[in-house]
Amino acid sequence: MSTPAPMDLERALALMDQAIAARAHPWETERVAVEHALGRVLAEQPAARLDLPPFHKSAMDGFALRAGDPGLPSSPAFPGLPGPFFQVSELVAAGSVATGALAQGQAVRIMTGAPVPAEADRVVMQEHTELRHGWVRLLNTAGPPNICPQGEDIQRGRAVLPTGQRLAAVDLANLAACGLREVLVARRVRLAVISTGDEVVSHPDMLGPGRILDANGPLLAALAHTWGLDLHSQTHARDDAQATRHAVATALEQADLVAISGGVSAGVFDHVQDALRACGLHIAFDRLAVKPGRPMTLAHGPGGMVFGLPGNPVPVYLMFHLFVLRAAATLQGTAWPVRRLRVPLAQDFGRRKVDRLEYIPVRLDAQGRAALLPTHGTAHLLAHGAADGFISVPAGVSSLAAGHAVDLLLLRP
Ligand code: AMP
Ligand code: MG
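Conventions and cut-offs
- Residue indices follow the written sequence of each chain, beginning from 1 at its first position.
- Working convention: letters from A go to chains and numbers from 1 go to ligands, in the order in which they are written.
- Totals for whole chains, interfaces and linings use all residues, but because this is a predicted model, local features are given only for residues with pLDDT of at least 70 and pairs of side-chain atoms are given and counted only at 80 or more.
- Only hydrogens and water are set aside; all other atoms, that is, all heavy atoms of the structure, feed into the side-chain values.
- As used here, the term nonpolar core means buried Ala, Val, Leu, Ile, Met, Phe, Trp, Tyr and Cys residues forming a set that is joined through side-chain atoms within 4.5 Å.
- Three labels apply to residues, based on accessible area from a 1.4 Å probe with only protein chains included: buried if under 20% of the type maximum, exposed if over 50%, partly exposed otherwise in between.
- Numbering of helices and strands starts at the N terminus; helices are DSSP runs of H or I of at least 4 residues and strands are runs of E of at least 2.
- By disulfide we mean two sulfur atoms from cysteines, separated by a distance within 2.5 Å.
- Boundary definitions for the domains trace back to an automatic or database domain assignment.
- Throughout, a residue-residue contact means that at least one pair of heavy atoms, one from each residue, lies within 4.5 Å.
- Here the quantity called buried area is the accessible surface, traced with a 1.4 Å probe, that two parts lose on coming together, added over both.
- Salt bridge criterion: a side-chain nitrogen from Lys or Arg within 4 Å of a carboxyl oxygen from Asp or Glu.
- Any N or O atom pair separated by 3.5 Å or less is treated as a polar contact, with the protein-specific requirement of one donor-capable and one acceptor-capable atom, and with residues adjacent in sequence counted only for side-chain atom pairs.
- Residues were grouped as follows: Ala, Val, Leu, Ile, Met, Phe, Trp, Tyr, Cys and Pro as nonpolar; Asp, Glu, Lys and Arg as charged; and all remaining residues, including Gly, as polar.
- Here a strand pair is declared whenever DSSP counts at least two bridges between the two strands.
- Where helices are involved, their axes are fitted lines through C-alpha atoms of the stretch in contact, as for all axes, and angles between N-to-C directions lie from 0 to 180°.

The next subject is the nonpolar core. Among the nonpolar cores identified, the biggest contains 51 residues, and L257, F285, L288, F307 and F323 are the most heavily contacted of them. Of all the secondary-structure elements, those providing two or more residues to this core are α1 (9-24), β11 (190-196), α3 (216-226), β15 (257-261), β16 (282-285), β19 (304-309), α6 (313-331) and β22 (357-364). Among the elements that line this core, the one with the most residues is α6, at 13 residues. Formed by 18 residues, the second largest nonpolar core is a distinct cluster that contains A251, A255, V272 and V306.

Glancing now at the state of the cysteines. This structure, assessed with the given rule, holds zero disulfides. You can see C178 has no disulfide; the closest cysteine sulfur is in C148, sitting 15 Å from it.

Attention shifts here to the domain arrangement of the chain. The domains assigned to the chain are domain 1 (9-28 + 187-331), domain 2 (40-53 + 154-186), domain 3 (57-148) and domain 4 (339-410). Using C-alpha coordinates to define each centre, domain 1 is positioned 34 Å away from domain 2. Contacts between domain 1 and domain 2 engage six residues on the former and four residues on the latter. In total, domain 1 and domain 2 occlude about 370 Å² of area from one another, counting both sides; carbon and sulfur atoms represent 53% of this. At the junction of domain 1 with domain 2, the criterion picks out zero salt bridges. Linking domain 1 to domain 2 there are two residue pairs in polar contact (both at pLDDT 80 or more). In terms of residue class, the side of domain 1 that touches domain 2 is made up of three nonpolar, no polar and three charged.

So, on to the pattern of salt bridges. Throughout the structure, instances matching the rule amount to 13 salt bridges. The closest approach of N and O atoms between R40 and E30, which form a salt bridge, is 2.6 Å. You can see R40 sitting in the loop between β1 (29-33) and β2 (57-58) and its partner E30 sitting in strand β1, a full ten residues away along the chain. By relative accessible area, E30 is classed as partly exposed at 33%. Here E358 and R351 are joined by a salt bridge, their closest N and O atoms 2.9 Å apart. Like R351, E358 is buried. What you see here is one network of salt bridges that share partners, running through E28, R187 and D256.

Before going further, it helps to examine the sheet that holds strand β6 (residues 120-125). In space, the six strands of this open sheet follow the order β6-β3-β5-β4-β8-β7, with mixed pairing throughout. The open sheet terminates on both sides in strands that have one partner only, identified here as β6 and β7 (129-132). If you compare each strand with its neighbour and ignore which way they point, the axes differ by 35° on average. The pairing of β7 with strand β8 (residues 135-138) spans four bridges and is antiparallel. When the bridges of β8 are listed, E130 appears paired with R137.

What follows is the structure, encoded as C-alpha cells:
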C-alpha cells in the first residue's frame, strides 16, 4: 500500500534519522595508520604528542639578538658607517642548535626553522642587515620579532581534531606533525548497490534492442568511493519478483545499507516494494514530494535499511546525497558532509508546476553565482558533468529573479 500523498523531504529525512539513530550506537571502531586514514571518521579526539612548534623557531633567515641588547655603536668592518653593530658568534641552520650562549653585543646568524637561542627575543631579517667580515650592521631596528613561539599552534596534550572529524589531507598532515602514528576511526559503512531492470546491462557487448547501459551502478559505486563508504557489492536484478527479493535479501545479509535503483514505482515490472516487504522491512515512505525523486522509497527493519532509489540517474545522484550519505554519516558519528551555501542566482528562473520542492543543477560562476544548466530531464545525467551541485526551489515558488539568494547543495567534496 502506498502512503496517501508524497511525503515532504523534511518529514522523510526525520523518519530516516530516527531509524538510523536507533541502530547507530555503538558503532564499531578500528585503529588505522594515519597515512591510511584519508576520508575516515575519527572515533576519538587524538591528543598532540608534542608542542607545535616544538621550540621557539625562527620565522626568517636573519640574525637573532639578545633581549634588550642595543648593540655596538661602531665596528671595524664598517668604518664611518652608523650602527648598531653585532659580532656574529655562529651560524645555526634548521635542524641544529646554537652551541654557545649568546653574549651582549653578539648575534647568531640563524636560518628559517632553526631554534632561536634562549637568550634571544628577536630575529632581524637578513634583508634588513648588512654582513661584513663576521660583523652585522642593522639597517632597520624596528621590525617584528620574527619568532614562532613554542606551542603557538598547539600544546602537547591538546586535542588535534574533534571526534567525528572526517579526515582530509590537511588533517593527516596535522596528525603526523603532532606525533600521531595511528588513530581510532569508525568502521566504514558497507554499502550494497543493486541495479534493476531487464533493459539495464553492464557491458556494451550485452547491448541490444531496447537495452541501455547501467549508469546507476557505476554512479553509486563511485559515490561510495568518493565518500569513504565500503562498496560491499554491486549487482543487478532482473525485473522478476523472486530475483529482486533474492538480490535484496543477499545484500542485507552483509551490508549496513542497501541502495537499489529502479523498479520502485507501481509499474507491472516494478518488484522492489514487494521485495522489501518480503524481506521483513517496514516501508517508511514510498513517494517524495521532491523533483526529481518522486518514487523514492525507504524501508528498514531489524534486517537493515534499504534505499529504493528511482530508476533514472539524476534522482539517484540527488537521493544518494540527501539520504544514503546522510545515513552513513550518522552511523559513523559524523555530520552530513554535504556543504550548503546561500548564493545569488545568475539569471531569472521560472517554472510552471509548483507542487514539489525542486532541485536544479547549477554551476557556480566566477562571481559565486548559481548559473542554471540546461537539462532535459531525470535521465540527463550528462547535464551534471559541469554542475557543482543543485539549487533547491521550494514548493509554491514559480519564479525567482536573477540575484535572488537560493540554497545550494555543493555535491563536490
Ligand atoms: P524504473 O523506475 O525501473 O521504471 O526506471 C525508470 C527509468 O530509469 C527507465 O527509463 C529505466 O530504463 C531507467 N533506469 C533504470 N535503472 C537504470 C540504471 N541502472 N541506469 C540507467 N538508467 C536506468
Ligand atoms: Mg525498471
